[in-house]
Structures are given as C-alpha cells and as structure tokens.
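# Structural overview for review
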Amino acid sequence: IALNAFCLTSYISQTMPQDDCLRLLCGTDVCGIRLSRSFSRGLSEPPREDSSTCHLSDVILDMILNNIGQHTESSLNLSLMMLGLNGSKQNCLNVILDLINSSHFILSRKTSSSASKCFEIVFRVCELTSLSPPVQSQRELFLEKIRKIGFWEAQIFRFLGTSGPLSPSILHEVSLSYHLEHDSESLAPRRGNNVLHSVSWLL
C-alpha cells in the first residue's frame, strides 16, 4: 500500500504544475512539515526481501531527483520540502546521510543503486542556487553540518583508503569488474557500476 501511495504521489508531481501539486499535497501545512516527515519515514523503510520490483526508497529518491530543479513561487519545491529545506528536523536529507554512512548500503548489490542516487542528491543540494533567503539558510545549515561531521573526508577515505599493502581500495576493486554493458543475468557488474557512480558524484 505504501509503495502504491508513493508511486501515485510521484505521478502527480510529474503531471501537475509544481505549485498546484504542493497545494494538493500540503493543504494548510504550507511549509510541508508533515510531508517531510512522511517521506523521511518512507525512505527509512528497509527494502523488502520478497520484492522483485522497485523499492519504496527508489521511488522516493527518484521523486526527489525529478523535482529538485522545479521552479515554484516560493522557490520551495516538493523535493526541497522532502529534503528538509523547509526547516523540518525529520527529513529525507538526514535519512540519506544515515544511509550512506553504511558501507553495506553502498556496496550491497540490492542497495548500491539507491546509494548512488543518495550521493547524487547530496551533490545537487550543494549545487543549488537562486533560493529564497529562508531556503538558502537551511541549505547553508546542511553544508555546515556535513563539514562538521567530516562527510567528504570520511567518504573519500572509504572509497580510496586501504587497510594494508595487499588490500586494494574499494575503488580499485570495483574498477576491475567495471562493465559498460549491464548484464541482466548478473547483479555483480551493475553493483560495480553503481559504486563507481557514487564515487563520481562524490568527486
């Protein structure tokens, strides 16, 4: 039910003007605080073991990427609300940071694609421009947060660091199995490609 509900929301966000979509989804909650909380809870849900189709997290991450550059009257679009740039403390951006803090999430064959989307979203937020003063203030707080926690240094060390002369870095390991063509019969090449995509957004 949750997956279908979020898929319907994604469809609405792509077919309606952004301002109309926000009025429909937020109602009287003009800043979208409840919406931010709802999407962050959905993104926090672990992938279902029996799911052979898209995961709820992928639907939410794709929705963020599809809407992040949309123009609105207030410069606060659906993606920016979901990411917490409306001031919501419970938001998708905090969940994203928690997710990519896990090496298992980044390297797992089941979640490496979601991880690459998470890194892309962090990059997109860092690149945002032409924001209203309140939204820009929230963006600057996020940038200060990732500087304080050493986000960039930790991720660079994760991908490029080694634990000894005989232990290759993650980047070196996945580069050896890189394939330009996706093999639908194997998850290994796609996992390597996804990890390389994560590194590219990080750099």
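### So, a nonpolar patch on the surface
Taken together, the side chains of Ile-156, Leu-160 and Leu-203 make up a nonpolar region of the molecular surface, amounting to roughly 280 Å² of accessible area. In this structure, Leu-160 sits in helix H10 (residues 151–160).

### Some words on the pattern of salt bridges
All chains considered together, the criterion is met by 5 salt bridges. Lys-117 is the salt-bridge partner of Asp-58, the closest N and O atoms lying 3.3 Å from each other. Residue Asp-58 is found in helix H4 (residues 56–67), and its partner Lys-117 is found in helix H8 (residues 112–126); the two are separated by 59 residues along the sequence. Taking the relative accessible area as the measure of exposure, Asp-58 reaches 11% and is therefore buried. The class for Lys-117 is buried, based on a relative accessible area of 16%.

### Let's talk about the confidence of the model for the protein chain
Within the protein chain, residue pLDDT values average 86, and 87% of them lie at 70 or more. Put simply, helix H11 (residues 170–176) is where the protein chain has its lowest mean pLDDT, 78, and helix H6 (residues 92–99) is where it has its highest, 97.

### Describing the side chain of Ser-116
Relative to the helices and strands, Ser-116 resides in helix H8. If we skip the residues at most four places from it in the chain, Ser-116 touches Asn-194, His-197, Ser-198 and Trp-201.

### Details of the nonpolar core
Nonpolar side chains tend to gather and get buried jointly when the protein is soluble and globular. In terms of nonpolar packing, the biggest core is built from 53 residues, with Ile-60, Met-82, Leu-83, Ile-96, Ile-100 and Ile-121 touching the most fellow members. Apart from the residues within four sequence positions on either side, Ile-100 is in contact with Phe-105, Ile-106, Ala-115, Cys-118, Phe-119, Val-122, Phe-151, Gln-155 and Arg-158.

### Description of the side chain of Arg-158
Tracing the backbone shows Arg-158 in helix H10. It turns out Arg-158 is buried and unbridged, and the closest side chain with the opposite charge, Asp-98, is 10 Å from it. A distance of 3.2 Å separates a polar atom in the side chain of Arg-158 from the backbone oxygen of Ile-100. Of the polar contacts made by the side chain of Arg-158, one reaches the side chain of Gln-155; its length is 3.1 Å. Once residues lying within four places of it in the same chain are set aside, the contact partners of Arg-158 are Ile-100, Asn-101, Ser-102, Ser-103, Ile-106 and Ile-170.

How each quantity is defined
Residues numbered from 1 in each chain as written. Predicted model: local features only at pLDDT ≥ 70, side-chain atom pairs only at ≥ 80, totals over all residues. Heavy atoms only, no water. Patch = residues over 30% accessible without salt bridge, like charges linked within 9 Å, V, L, I, M, F, W, Y side chains within 5 Å. Areas by Shrake-Rupley, 256 points an atom, 1.4 Å probe, with all protein chains shown as cover. Salt bridge = Lys/Arg side-chain N within 4 Å of Asp/Glu carboxyl O. Helix = DSSP H or I, 4+ residues; strand = E, 2+ residues; numbered from the N terminus. Buried < 20%, exposed > 50% of the residue type's maximum accessible area, 1.4 Å probe, protein only. pLDDT = per-residue confidence, 0-100. Contact = heavy atoms within 4.5 Å. Core = buried A, V, L, I, M, F, W, Y, C linked by side-chain atoms within 4.5 Å. Lys, Arg positive; Asp, Glu negative; His and termini not counted. Polar contact = N/O pair within 3.5 Å; in protein donor to acceptor, adjacent residues only side chain to side chain.

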